[in-house]
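If you want the building blocks of each chain, they are given just below.
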Amino acid sequence: MTQPVIAPDHIPADLYDVIAALCRTSIDVAAIIAKGPLGQSLGNLVGENSDGDGQKALDVLCDEMFTAALTRENVRWYASEEQETVNSLNENGKYALAIDPLDGSSNIDVNVSIGTIFSIFEAKDDAEASFLRPASEQVCGGYVVYGPQTALVVTFGAGTQMYVLDPDTKVFILVEEKMTIAPTSKEFAINASNYRHWVQPVRAYVDNCLAGKDGPHGKDYNMRWVGSLVAETHRILSRGGIFLYPSDARKGYENGRLRMIYECAPIAFVIEQAGGRATDGETPILERQVDTLHGRVPLVFGSAEKVTRVAEHHNMPAV
Ligand SMILES: O=P(O)(O)OC[C@H]1O[C@](O)(COP(=O)(O)O)[C@@H](O)[C@@H]1O
Ligand SMILES: [Mg+2]
Ligand SMILES: [Mg+2]
């Protein structure tokens, strides 16, 4: 008998087929990415999504692949970064699934880790209402990272699990049943080119990190910015740190860059279930909701102590 693509042991029975379909599709996506320039053109601009972002060929292809796979499953509503409105898949489906089919589009052509992020709620009769609700109502959140290894990180609300794809057997193998994020760290991730646009508390926090041993934190820091949310999340889950995509003064960045439903909410769920924290700077992401499908929220997540310190900066009077 062939082995299932992922063992059912740690996955709620009702969600198993959906997760298995995500796994099978991500194996196909990983194979396409691994071929790079030897296969089809992946990084060509082919259009624009409803958020005004350029759509690359791989963004659209991944969206089509996940749609096709999930149509056969227990998914009633499908919301995607690449679709303006919610798609109806299986009218008898129990779940509503939101997806960033390909995260880190700017890294497609440069052989750097990219991923797929997904969030699952129980479906309501109203398509949009199934997603426009507090992030705490997610029944599952997770991502697949396509890097040197293809890995699935997922939570169903009872800890964060990590599976790595065995390239020989094409089976996702559980390697960590309950991930834990280091409570503190000396690494921060932010796109520092936007420094002049940031809100004051974020500037103050980063200034303190840059001051190193001589500043109020009393230690030297290291900085990272991959440009793929999945890759940053994976690094922070593995060795701690903090990620910030704050609101800034640029037009359209009043709530940062990252979209609540298929980026911030599932990442926050995974992080909190691993003992980290995820906020919009002050308020936990899991307590927040947006009122449009592609609505953005500022995102700060990672080691609990670091995220708490950013919140403290928001409560301090501006200098
Ligand atoms: O280019 P910037 O402003 O640094 O933004 C990088 C962020 O944008 C994203 O690429 C947005 O995701 P998409 O590639 O799915 O649009 C994140 O993965 C990443 O953290
Ligand atoms: Mg993304
Ligand atoms: Mg994307």
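Predicted model only: the values in this text are computed from it and were never measured. (Residues numbered from 1 in each chain as written. Chains lettered and ligands numbered in written order. Predicted model: local features only at pLDDT ≥ 70, side-chain atom pairs only at ≥ 80, totals over all residues. Heavy atoms only, no water.)

On to the coordination of the magnesium ion (ligand 3). Bound to the magnesium ion (ligand 3) are the protein donor atoms Glu81 (OE), Asp100 (OD) and Leu102 (O), situated 2.1 to 2.2 Å from the metal. Binding-site remark: the magnesium ion (ligand 3) is held by donors from one chain whose sequence spacing is E-x18-D-x1-L. The metal-metal distance between the magnesium ion (ligand 3) and the magnesium ion (ligand 2) is 3.8 Å, with Asp100 serving as a donor to both. The pair Asp100 / Leu102 is uniform in exposure class, with both members buried. (Donors = N, O, S within 2.8 Å, 3.2 Å for Na, K, Ca; no water. Buried < 20%, exposed > 50% of the residue type's maximum accessible area, 1.4 Å probe, protein only.)

Another aspect to go through is the UniProt feature "binding site: substrate" (unreviewed entry) in the protein chain. UniProt's entry tags Asp103, Gly104, Ser105, Ser106 and Asn191 with the feature "binding site: substrate" (unreviewed entry), counted in the numbering of this structure. Checked against the element boundaries, Gly104 lands in the loop between β5 (95-103) and β6 (114-122). Those residues within four positions of Gly104 in sequence are excluded, and the remaining contacts are Ile114, Gly227 and Ser228. In this fold, Ser106 is placed in the loop between β5 and β6. The class of Ser106 is exposed, set by a relative accessible area of 52%. Ignoring any residue separated from it by four or fewer positions in sequence, one finds Ser106 in contact with Lys56 and Gly227. (UniProt positions renumbered as here; feature names shortened; annotations may be inferred. Helix = DSSP H or I, 4+ residues; strand = E, 2+ residues; numbered from the N terminus. Contact = heavy atoms within 4.5 Å.)

A word on helix α4 (residues 229-239). For α4, the tally of buried residues reaches nine of eleven residues, placing the bulk of the element in the interior. For α4, the full list of buried residues reads Leu229, Val230, Ala231, Glu232, Thr233, His234, Arg235, Ile236 and Leu237. Phi turns positive, to about 85°, at Gly240, one or two residues after α4.

Turning our attention to the coordination of the magnesium ion (ligand 2). The magnesium ion (ligand 2) binds to the protein through Asp100 (OD), Asp103 (OD) and Glu263 (OE), with metal-donor distances spanning 1.9 to 2.1 Å. All donors to the magnesium ion (ligand 2) come from one chain, and their sequence spacing reads D-x2-D-x159-E.

Assigned domains of the protein chain: these are domain 1 (13-176) and domain 2 (187-315). When residues of domain 1 are sorted by the area they lose upon contact with domain 2, Asp51, Leu132 and Tyr143 head the list and together hold 20% of the total. Summed over the shared surface of domain 1 and domain 2, the result is three salt bridges. Here domain 1 and domain 2 share 17 residue pairs in polar contact (both at pLDDT 80 or more) between them. Listed by contribution, the elements that provide at least two residues to the side of domain 1 that touches domain 2 are β3 (75-80), β5, β6, β7 (140-146), β8 (150-155) and β9 (160-166). Taken together, the residues of the side of domain 1 that touches domain 2 break down into 22 nonpolar, 19 polar and eight charged. (Domains from an automatic or database assignment. Buried area = accessible area lost by both parts, 1.4 Å probe. Salt bridge = Lys/Arg side-chain N within 4 Å of Asp/Glu carboxyl O. Polar contact = N/O pair within 3.5 Å; in protein donor to acceptor, adjacent residues only side chain to side chain. Nonpolar A, V, L, I, M, F, W, Y, C, P; charged D, E, K, R; others polar.)

Inspection of the secondary structure assignment puts Arg250 in the loop between β13 (242-245) and α5 (260-273). Of the residues examined, Arg250 reaches a relative accessible area of 22% and is grouped as partly exposed. Considering only alpha carbons, one finds Arg250 and Lys35, 215 residues apart in sequence, at a separation of 37 Å. Discounting residues that sit within four places of it in the chain, Arg250 has contacts with Asn194, His197 and Tyr245. A distance of 3.4 Å separates polar atoms of two side chains, one belonging to Arg250 and the other to Tyr245.

Further remarks concern the site of ligand 1. In the vicinity of ligand 1, 17 residues are found, and the nearest of them are Asp103, Asn191, Leu229, Tyr245 and Arg257. Ser105 places a main-chain nitrogen or oxygen 2.9 Å from an oxygen atom of ligand 1. Leu229 is positioned with one of its backbone polar atoms (N or O) 2.8 Å from an oxygen atom of ligand 1. In isolation ligand 1 exposes 480 Å². Once the protein is present, 87% of that is buried. The greatest single-element share of the shell around ligand 1, amounting to three residues, is contributed by β5. The residue inventory of the shell around ligand 1, partitioned by class, reads five nonpolar, five polar and seven charged. The two domains that each donate at least three residues to the shell around ligand 1 are domain 1 (13-176) and domain 2 (187-315). (Near = heavy atom within 4 Å. Areas by Shrake-Rupley, 256 points an atom, 1.4 Å probe, with all protein chains shown as cover.)

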